[in-house]
Amino acid sequence: MLLTDRKKKLTTFYYKCSKASTYFCPGSIKKLRNGTVVIIKPHEGHVSEQNISQQLVHNFCDILKRRASTENISLRSLYDEESRRHVVAAGLYPWSTAESLMRHARRRSLPRLPNSLLDLATLFDNGKLNNVS
Ligand SMILES: [Zn+2]
């Protein structure tokens with residue numbers, strides 16, 4: 001058992017660029033068992049598709065975060081609306097993943113809640129909660 005585990009840990013996977021034959025690209029990486037990716041040779045002659053995807057997802061996240069924190073419509077409809085505009089990015093970044101990011105962005109945009117009942121009472125005494133009463 002122990003030996004098998006040790007062997008597994010030593011296993012390294014090698015990948016070469018999927019566009020190698022089209023672009024004569026020497027790009028290659030190795031992926032260690034613990035998930036670390038080491039670049040052996042960077043891409044040459046073309047832009048890495050993964051970079052493009054990462055950029056797409058990055059932009060998509062920015063839009064989702066911005067809208068979640070500035071608009072009041074439900075996060076789900078917001079996501080659905082944006083995913084129709086950014087079809088590729090939405091395919092890479094599904095709602096199940098986006099949900100917590102968006103919730104977080106929205107939570108941060110809300111006014112801070114009083115820390116305690118005492119704080120709340122102080123706010124009340126100062127007349128700051130008149131619109132509630
Ligand atoms: Zn390449």
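Just so you know, these numbers come straight off a predicted model, no measurement behind them.

Caption draft 1: How the structure looks around the overall build of the protein. Per the secondary structure count, the protein includes 7 helices and 3 strands. Of the regular secondary structure in the protein, the N- to C-terminal order runs α-β-α-β-β-α-α-α-α-α. Classification of the 133 residues of the protein by burial places 8% in the buried group. Within the protein, residue pairs in contact and separated by at least 24 positions form 38% of the contacts whose partners lie at least 6 positions apart.

Caption draft 2: Main features of unusual backbone geometry. In this model, Phe24 sits at a positive phi of 50°, which is unusual for a non-glycine residue. In this fold, Phe24 is placed in the loop between helix H2 (20-23) and strand S2 (28-32).

Caption draft 3: Spatial organisation of the packing of helix H3 (residues 49-70) against helix H4 (residues 75-85). Contact pair H3 / H4: the axes reach a minimum separation of 10 Å and the direction vectors enclose 145°. Viewed along their axes, H3 and H4 form a crossing whose handedness is right-handed. Between H3 and H4, the contacting residues are Ile63, Leu64, Arg67 and Ala68 on the first element and Leu75, Leu78, Tyr79 and Glu82 on the second. Of the residues belonging to the contact of H3 with H4, the class tally is 6 nonpolar, no polar and 2 charged.

Caption draft 4: Structural detail: the sheet that holds S2. Spatially, 3 strands are ordered S1-S2-S3 in an open sheet, and the strand pairing comes out antiparallel. The open sheet terminates on both sides in strands that have one partner only, identified here as strand S1 (12-16) and strand S3 (37-41). With direction set aside, neighbouring strand axes in the sheet form an average angle of 25°. Bridging between S2 and S3 involves 4 bridges; their strand directions are antiparallel. Note on S3: the bridge partner recorded for Lys30 is Val38.

Caption draft 5: Seen up close, the pairing of S1. Counting buried positions along S1 yields 0 of 5 residues, so the element is predominantly exposed. Bridge count between S1 and S2: 5 bridges; the pairing is antiparallel. By the bridge assignment, Lys16 is partnered in S2 with Ser28.

Conventions and cut-offs
Residues numbered from 1 in each chain as written. Predicted model: local features only at pLDDT ≥ 70, side-chain atom pairs only at ≥ 80, totals over all residues. Helix = DSSP H or I, 4+ residues; strand = E, 2+ residues; numbered from the N terminus. Buried ≥ 20, exposed ≤ 12 C-beta atoms within 10 Å, placed from the backbone. Contact = placed C-beta atoms within 7 Å. Axes fitted to C-alpha atoms, helices over the stretch in contact; angles between N-to-C directions. Left-handed = near helix turned anticlockwise from the far one by under 90°. Nonpolar A, V, L, I, M, F, W, Y, C, P; charged D, E, K, R; others polar. Pairing = 2+ DSSP bridges.

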